[in-house]
Amino acid sequence: MSDDVLLETRGAVGVVTLNRPKALNALSLEMCRTLHPRLDSWAADPSVKAVVIQGAGGRAFCAGGDVRAVAASVARSDPSLSREFFLAEYALNHRIHHFPKPFIALVDGICMGGGLGLSVHGAFRAVTEKLLLAMPETAIGIFPDVGGGWFLPRFPGEAGTYLGLTGARCDAADALWLGYATHRVDSSRLEDVVGALVAADWSGPGRDVAARVLQGFHQDAGASGLAARAEVIDRCFQGDRVEDILAALEREGTAWAEETRATLLRMSPTSLRVTLRQLRIGRGQDYDATARMEYRLSQALTQRPDFQEGIRAVLVDKDQKPRWSPATLAEVSDAEVEACFAPRPGDELELPTLG
């Protein structure tokens, strides 16, 4: 049992606490392997009516997967952690996606990457005024995974394309507009939310009970800045080529468009091309097919030099000056992109049928 994830049953509610506050509750392989069997147990236990997941420390729900550990393993020419971590993480996401009872994420503070995988696939996501939501993977040479190819295209219009390519950050109002958040609650009342769920009468339909409790704590989040830009985002991010998106932003000519274009030009060119292809494919397939596709992508991109370089520039040296290879979009061929999606022996994700 890992001390990095705390598991308890309180009345009819299973409670998960991600407990790596110094690491912003980043998700490790050990945490995945600890949590998954308990979720299986709670799913099968008729006395457990719902599950709550939260982060310790007050700064973050979960800042993502422990990609530094994966990068260090790959740097040692050992691909085993990349395989094992992404297998375990995606299997855990799949368990949550198909969880048969209300799965309630209390998302307080930073939620990035793998944090979305632990929350977006459940039934409810109550966010707080401290929310900072993002999928920043193109800045570290990979792609918005944990089901990003499934949920980002299902956000309104081209908002998911914009968020997936740029890594732009969202607040609580944005999260509600996107459909990521189901409720907005005050950070100071999260313990009260858990207490109310534990004290609830679960004799009725579980989703109705959970929704009623959460609605009792819901507060208005105000206007969404992302929603206010929806029209221009849809206009600029509808292209199927990254070059078309960059050209549309250049034509727009506003300060926001220029800043957004500059952001894209700082990202890994390979990641941008792969991500846009991933999101367009994901529009037309179900979650399980997307998870299998993303596992192949995870193994392809973590072996490429941009992953090591992105981790160095953003998380290790923190100079924010990555030297991408290839360095430009023009140097990334269509064949190179398609090769990342191609099935390879040993890179297939086996997903069970779950109720």
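First things first, this report covers the structure right here in the doc. As the structure is a prediction and not an experimental result, all values here were calculated from the model. (Residues numbered from 1 in each chain as written. Predicted model: local features only at pLDDT ≥ 70, side-chain atom pairs only at ≥ 80, totals over all residues. Heavy atoms only, no water.)

1. A short note on the overall build of the protein
Okay, step 1: Within the protein, the secondary structure is distributed over 17 helices and 9 strands.
Okay, step 2: Taking all 355 residues of the protein together, 57% fall into the buried category.
Okay, step 3: In the protein, 75% of the contacts between residues at least 6 apart in sequence involve partners at least 24 apart.
Okay, step 4: As displayed, the protein offers around 14300 Å² of accessible surface, 50% of which is attributable to carbon and sulfur atoms. (Helix = DSSP H or I, 4+ residues; strand = E, 2+ residues; numbered from the N terminus. Buried < 20%, exposed > 50% of the residue type's maximum accessible area, 1.4 Å probe, protein only. Contact = heavy atoms within 4.5 Å. Areas by Shrake-Rupley, 256 points an atom, 1.4 Å probe, with all protein chains shown as cover.)

2. Section: the side chain of Thr166
Okay, step 1: Relative to the elements of secondary structure, Thr166 occurs in helix H6 (residues 159-166).
Okay, step 2: The buried category is assigned to Thr166, whose relative accessible area is 8%.
Okay, step 3: From its side chain, Thr166 meets the backbone oxygen of Tyr162 in a polar contact 2.7 Å long.
Okay, step 4: In this structure the side chain of Thr166 is engaged in a polar contact, spanning 3.1 Å, whose partner is the backbone nitrogen of Ala168.
Okay, step 5: Residues contacting Thr166, with those up to four places away along its chain left out, are Phe237, Thr260, Thr263, Leu264 and Met267. (Polar contact = N/O pair within 3.5 Å; in protein donor to acceptor, adjacent residues only side chain to side chain.)

3. Section: the side chain of Asp174
Okay, step 1: Tracing the chain through its elements places Asp174 in helix H7 (residues 172-178).
Okay, step 2: Setting aside residues no more than four positions away along its own chain, Asp174 makes contact with Arg169, Ser224, Gly225 and Leu226.

4. Points about the packing of H6 against helix H14 (residues 269-282)
Okay, step 1: Direction vectors running N to C along H6 and H14 enclose 155°, while the axes themselves pass 10 Å from each other. Classed by the angle they form, the pair H6 and H14 counts as roughly antiparallel. H6 and H14 meet at a crossing whose hand is right-handed. Across from Gly160, Thr161, Gly164 and Leu165 in H6, the residues of H14 making contact are Leu272, Thr275, Leu276, Leu279 and Arg280. (Axes fitted to C-alpha atoms, helices over the stretch in contact; angles between N-to-C directions. Parallel < 35°, antiparallel > 145°, perpendicular 65-115°, else oblique. Left-handed = near helix turned anticlockwise from the far one by under 90°.)

5. Considerations on the environment of Gly148
Okay, step 1: Within the secondary structure, Gly148 sits in helix H5 (residues 148-151).
Okay, step 2: According to the relative accessible area criterion, Gly148 is buried, its value standing at 0%.
Okay, step 3: Separated by 143 residues in the primary sequence, Gly148 and Ala291 have C-alpha atoms spaced 8.9 Å apart.
Okay, step 4: If near-sequence neighbours (up to four positions away) are discounted, Gly148 is found in contact with Pro153, Gln278, Leu279 and Glu294.

6. Examining the packing of aromatic side chains
For any pair of aromatic rings, the description consists of the separation of the ring centres together with the inter-plane angle of the planes.
Okay, step 1: Applying the stated criterion across every chain, the model contains 8 aromatic pairs.
Okay, step 2: Ring geometry for Phe86 against Tyr90: centres 5.8 Å apart, planes inclined by 70°, an arrangement best described as edge-to-face. Residue Phe86 and its partner Tyr90 are located together in helix H3 (residues 80-97), separated by 4 residues, close to a single helical turn. Tyr90 carries the same exposure label as Phe86, and that label is buried.
Okay, step 3: Relative to Tyr287, the ring of Trp150 has its centre 5.9 Å away and its plane inclined at 80°; by these criteria the two rings are edge-to-face. In this pair, Trp150 is assigned in helix H5 and Tyr287 in helix H15 (residues 287-302), connecting sequence segments 137 residues apart. (Phe/Tyr/Trp six-rings, centres within 6.5 Å; stacked < 30°, edge-to-face > 60°.)

7. So, the pairing of strand E7 (residues 124-127)
Remark: a regular strand shows side chains that alternate across the two faces of the sheet.
Okay, step 1: Taking every second residue as pointing to the same face, both faces of E7 are buried, with Phe124 and Ala126 on one and Arg125 and Val127 on the other.
Okay, step 2: As paired elements, E7 and strand E9 (residues 183-184) share 2 bridges and run parallel to each other. Residue pairing for E9: Val127 is matched across the bridge by Arg184. (Pairing = 2+ DSSP bridges.)

8. Some points on the sheet that holds strand E5 (residues 103-107)
Okay, step 1: With respect to topology, 6 strands assemble into an open sheet ordered E1-E2-E3-E5-E7-E9, the strand pairing being mixed. In this open sheet, the two edge strands, each paired with only one partner strand, are strand E1 (5-10) and E9.
Okay, step 2: Of the pairings in the sheet, the one linking E1 to strand E2 (residues 13-18) comprises 6 bridges and is antiparallel in character. Across the sheet, Leu7 pairs through a bridge with Val16, a residue of E2.
Okay, step 3: Sheet strands touched by helix H9 (residues 206-215): E5, E7 and E9. Its angle to E7, the strand with the most contacts, is close to 10°.

9. Description of the pattern of salt bridges
Okay, step 1: Enumeration over the complete set of coordinates arrives at 23 salt bridges.
Okay, step 2: Two residues, Glu348 and Arg296, come together in a salt bridge whose shortest N-O distance is 3.4 Å. Of this pair, Glu348 sits in the segment after helix H17 (334-341) while Arg296 sits in helix H15, and the two are 52 residues apart along the sequence.
Okay, step 3: Overall, Glu348 belongs to the partly exposed group, its relative accessible area being 34%.
Okay, step 4: We classify Arg296 as buried; its relative accessible area is 15%.
Okay, step 5: A network of salt bridges, in which partner residues are shared, links Glu158, Asp240, Arg280 and Arg283. (Salt bridge = Lys/Arg side-chain N within 4 Å of Asp/Glu carboxyl O.)

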